[in-house]
Every structure is written in structure tokens, then in C-alpha cells.
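In case you want the letters, here they are:
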Amino acid sequence: MVTKPLLRVLNGARADRPPTWLMRQAGRYLPEYRALRAERGGFLALATDPIAATEVTLQPIRRFGFDGAILFSDILMVPWALGQELTFGAGEGPRLAPALVDAALTALTREPARLDPVYATVRGVAESLPAETTFLGFAGSPWTVATYMVAGQGSRDQEVTRRFAYADPAAFGAIVDAIVAMTIDYLARQIGNGVEAVQIFDSWAGSLSPEQFERWVIAPNRAIVDGVRARCPGVPIIGFPKGAGGKLAAYAAGTAVDALGLDETVDPHWADAVLPPELPVQGNLDPLALLTGGAALDAGIDRVLAAFPERPHVFNLGHGIGQHTPIPHVEHLLQRVRG
Ligand code: CP3
């Protein structure tokens, strides 16, 4: 029988007080993270050192006692394993080379062993987590990952990749298929090594027209859900299509995810009314309300808490926690949610 509060809710049970974790909870708003990162000289050095990455995964659990621990890694580890070079320069976003807008996918040499340190981290965390804490793995969704692979970096409105997908759907489809295959294996091996649920982050799902959303968000995510379920039945899969808005119900039905992450722009009462009543949801406090604190934070928390009177609900933010978020605001959030 499942007794961990977060895992129970992801399996469809209702809790009086929602279990809570925060997207990007392992990271730069924590002084202990910044200290370790400075010592190790950068993100990739940390993420590929299983002892350091285990420590970073556990830091927010030790400090706050969240109900979920999310693996410390990045969605861009999959492009790295597909053969692109990955760098996280100081003060700029991540870079992938060669960008697939200029180079063919077939020019890349697959490097799946680059993911081995991540599986070692998973084993390290699984051994040391408190008994009540659920261990979450993750990957990026093919669309979001492809936007970085094609442009070689983050881009405004994902314009380069959206144009590429229209201009050469066969070449773009081959990139998406490669990401799907690697992601199924990556998530199944995270699970095989000890994670108990997984989340698929689709940060840029909001930039696509409805037909492109069907083709590049729903279909590939369905393939991942089917592939992971075939290898690891019974492990909850959370989909987080940020910005999907009015397409959320189509996403939930089309991908068959077990739980749905809502971003902060979604009215939770509307979501509760339009989504299948049994579907667990996660979210969706505005990260800027958490950063601001005070009355804005309390009102935001109460609004989210009131929105799902019957539904399985995991309390979370609508997107990642901001790096300038004061620690006392996080402590306050947990006190208020737990009552
Ligand atoms: O705490 C956690 O949630 C676990 C670890 C995690 C990271 N990245 C660590 C990280 C997770 C789940 C991610 C997901 C991720 N990475 C997404 C999807 C979610 C989202 O926020 O939209 C995306 C788009 C990325 C790609 C990425 N990684 C970017 C654009 C950047 C630079 C800008 C930024 O947000 O920091 C990263 C770097 C990164 N990934 C850091 C961390 C802790 C910061 C590295 C550092 O400077 O120390």
C-alpha cells in the first residue's frame, strides 16, 4: 500500500492538506546550493557528480521537509546524450552546439553514457530520502527540448524552431523522434534506479498553434507516456504543459498523463470545472507572489487551496521558484498550506 502523501495523491487519492513541493526547489535561491556550486565551478560539474547532485537534491528536503524531492539534473542532459555539446556560461543561458538549424541530426554521435552519473545520483538519493518523501524524476518534453536543440540556446517566442517545424516537418519530426526515444529510456532508467514518479516539463508548450500543438506536443508526449508505461507500469507521470491554457483538457486526454501541472496563468476554478474530476492536478501559485510575500502571498495560497475541494491536488508553484525568493517566504508557504 502506498503511504507517502505525495505519491498517494499522484495515484488519485484526495488529501485534506495537499502535499507540497516546488518546481526548481533545488537551486540558486538556497545559500547552501550557491556555496556548493561556487566550490565545484558550475552547473554541469555539479550535475555530473553523483555525490554533489545527491546533496543538492536533498538540500531543500532537509531545510523545508517538502513532500517531494526532485532529482537535481536538467532537461538539457538529453540533448547532451544525443551528442550536442552543452555549456552553462556564467550570466548567460545554456548553449548547445552544433545548433540543428545549421547541422544535421545525423552529424551527432550518440553519447548515452553521459547520463550514467544521473542514474548514480538517483541511487544515492533513493538511499538517503526520509521514508515519507516521494522521489520525483523528470525530463523535458520533446517540443521544449527541441527548441533548445534547434536554436542552440533559449530563444524569444521559439521563433527559429517554429519556423523550422513548418519549413521541414520531416527533419523536425526526426529530431522529435530522437528525443522521444532517448527520453523513454532516460525516464525508465531513472525509475529503474529509484524514482517513484516523473514529470515532463514543457516550458514552451504555449507558443504553438492548435495543429502544431497536436503534432509536436500531444503526440510525442503520448509516445513517451506509452513507452514509459510499457517499461514501468504503475509509476505516475505528471505532464506540465506551461502556457497550454485552453488546450489543457485536450492535452490531458491526448497524452493520458496521470496528473497535470497548471501554470500560474490558469484560473484554478476553471481548471477544476473543465478537467476530468478524478485527474490529479498540481499547482499553481504565482512564483512572484511567493517572492513578494505578505498579503499577496497569503491571498494567492488561499485561492489555490480553495479551488480544488474534491480533487486530488498537489500544492506547487505555477513555474520554477525565482532565485531571489526569500527563504522565510518558503517557510511561511509551508506553514500556511499545512495549516
Ligand atoms: O530543482 C529542480 O527543479 C531540479 C532541477 C532542475 C533544473 N532545471 C536545474 C537547473 C529542473 C527540473 C530543470 C528544468 C529545466 N531546465 C527547464 C524546465 C522548467 C523551467 O524552468 O521552465 C528548462 C527550460 C531548463 C533549461 C535551463 N537550465 C535553463 C534555461 C537554465 C538557465 C536559466 C535558469 O533558469 O537557471 C538552466 C540552468 C539550471 N538548471 C540551473 C539549475 C539549478 C541554474 C544553474 C546555475 O546557474 O546554478
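Remember, it's a predicted structure, so these values are computed and weren't measured experimentally.

A.B. asks: I'm lost on the overall build of the chain in this one. Help?
C.D. replies: Secondary structure assignment for the chain yields 15 helices and nine strands. For the chain, the C-alpha radius of gyration of 19 Å lies close to 20 Å, the compact-globule estimate for 339 residues. Along the three orthogonal principal directions, the C-alpha set of the chain runs to about 55 × 45 × 40 Å. With 339 residues in all, the chain has 50% of them scored as buried.

A.B. asks: Help me understand the UniProt feature "binding site: substrate" (unreviewed entry) in the chain in this model?
C.D. replies: With numbering matched to this structure, UniProt assigns "binding site: substrate" (unreviewed entry) to R24, Q25, A26, G27, R28, D74, Y148, S203 and H319. Within the fold, R28 resides in the loop between α1 (5-10) and α2 (31-40). Contact partners of R28, with chain neighbours within four places excluded, come to Y33, R34 and Q323. One can find Y148 in helix α7 (residues 142-151). Of the residues examined, Y148 has 28 C-beta atoms within 10 Å and is grouped as buried.

A.B. asks: I tried to follow the UniProt feature "site: Transition state stabilizer" (unreviewed entry) in the chain on my own but got confused; where do I start?
C.D. replies: Residues annotated by UniProt as "site: Transition state stabilizer" (unreviewed entry) correspond here to D74. Taking the number of C-beta atoms within 10 Å as the measure of exposure, D74 has 20 and is therefore buried.

A.B. asks: Hey, could you run me through the confidence of the model for the chain in this one?
C.D. replies: Any residue range with low pLDDT should be treated as having predicted coordinates unsuitable for detailed reading. Within the chain, residue pLDDT values average 97, and 100% of them lie at 70 or more. The ipTM for the predicted assembly is 0.93, set against a pTM of 0.97.

A.B. asks: Whenever I open this one, the packing of helix α10 (residues 210-231) against helix α11 (residues 248-255) confuses me. Can you help?
C.D. replies: In helix packing, the relevant descriptors are the interaxial angle and the interaxial distance, both defined with respect to the helix axes. Packing of α10 against α11 brings their axes to within 8 Å, and their N-to-C directions diverge by 35 degrees. In this structure, the crossing between α10 and α11 has a hand that is right-handed. Contacts between α10 and α11 pair V217, I218, N221, R222 and V225 from the former with A250, Y251, G254 and T255 from the latter. Class assignment of the residues belonging to the contact of α10 with α11 gives a composition of five nonpolar, three polar and one charged.

A.B. asks: Whenever I open this one, the nonpolar core confuses me. Can you help?
C.D. replies: If you look at soluble globular proteins, the nonpolar side chains tend to sit buried side by side. In terms of nonpolar packing, the biggest core is built from 103 residues, with V78, L136, I175, I179 and V198 touching the most fellow members. The contact partners of V78, leaving out residues within four places of it in the chain, are A139, G140, V145, I179, M182, T183 and Y186.

A.B. asks: I would appreciate a short explanation of the sheet that holds strand β1 (residues 68-70) in the present structure.
C.D. replies: What links the strands of a sheet is backbone hydrogen bonding, and the strands pair in either a parallel or an antiparallel sense. Read across the open sheet, the seven strands follow the order β1-β4-β5-β6-β7-β8-β9; overall the sheet is parallel. Only two strands of the sheet have a single partner each, and these edge strands are β1 and β9 (313-317). Looking at each pair of strands side by side, their axes are set apart by 25 degrees on average, direction ignored. Pairing of strand β8 (residues 281-285) with β9 involves five bridges; the strand directions are parallel. In the sheet register, L285 faces β9, and the bridge partner there is L317.

A.B. asks: Could you clarify how one ought to interpret the pairing of strand β5 (residues 197-202) in this entry?
C.D. replies: Side-chain positions along a regular strand alternate between the two faces of the sheet. Within β5, six of the six residues are buried, which leaves it mostly tucked inside the rest of the structure. Going residue by residue along β5, you find A197, Q199 and F201 tucked away on one face and V198, I200 and D202 tucked away on the opposite face as well. Two strands pair when backbone bridges link them, and strand β4 (residues 134-140) and β5 are joined in this way by five bridges, in the parallel orientation. From the neighbouring strand, G140 faces β5, where its bridge partner is F201. Of the strand pairs in this sheet, β5 and strand β6 (residues 237-241) are connected by five bridges, and their pairing is parallel. Considered in β6, the bridge of F201 is made with F240.

A.B. asks: What am I meant to see in the site of the ligand here?
C.D. replies: Of all residues adjacent to the ligand, which total 22 residues, the nearest are A26, G27, F43, F201 and S203. Across the shell around the ligand, the residue classes break down as 11 nonpolar, seven polar and four charged.

A.B. asks: Would you mind showing me how to read the pairing of β8 here?
C.D. replies: Of all five residues making up β8, five are buried, and the element is well covered by its neighbours. Both strand β7 (residues 259-261) and β8 contribute to a ladder of two bridges, which runs parallel. From the neighbouring strand, L260 faces β8, where its bridge partner is V281. Of the crossover connections in this fold, the one passing from β7 over helix α12 (residues 268-274) to the parallel β8 is right-handed.

A.B. asks: I tried to follow the environment of A113 on my own but got confused; where do I start?
C.D. replies: For A113, the location among the structural elements is in the loop between β3 (94-97) and α6 (116-128). Remark: the alpha-carbon pair of A113 and L96, spanning 17 residues in sequence, is separated by 18 Å.

Reading guide: rules and limits
- Residues numbered from 1 in each chain as written.
- Predicted model: local features only at pLDDT ≥ 70, side-chain atom pairs only at ≥ 80, totals over all residues.
- Helix = DSSP H or I, 4+ residues; strand = E, 2+ residues; numbered from the N terminus.
- Rg over C-alpha atoms; globule rule 2.2 N^0.38 Å.
- Buried ≥ 20, exposed ≤ 12 C-beta atoms within 10 Å, placed from the backbone.
- UniProt positions renumbered as here; feature names shortened; annotations may be inferred.
- Contact = placed C-beta atoms within 7 Å.
- pLDDT = per-residue confidence, 0-100.
- Axes fitted to C-alpha atoms, helices over the stretch in contact; angles between N-to-C directions.
- Left-handed = near helix turned anticlockwise from the far one by under 90°.
- Nonpolar A, V, L, I, M, F, W, Y, C, P; charged D, E, K, R; others polar.
- Core = buried A, V, L, I, M, F, W, Y, C linked by C-beta atoms within 7 Å.
- Pairing = 2+ DSSP bridges.
- Near = placed C-beta within 6 Å.
- Right-handed = clockwise from strand over helix to strand, strands pointing away.

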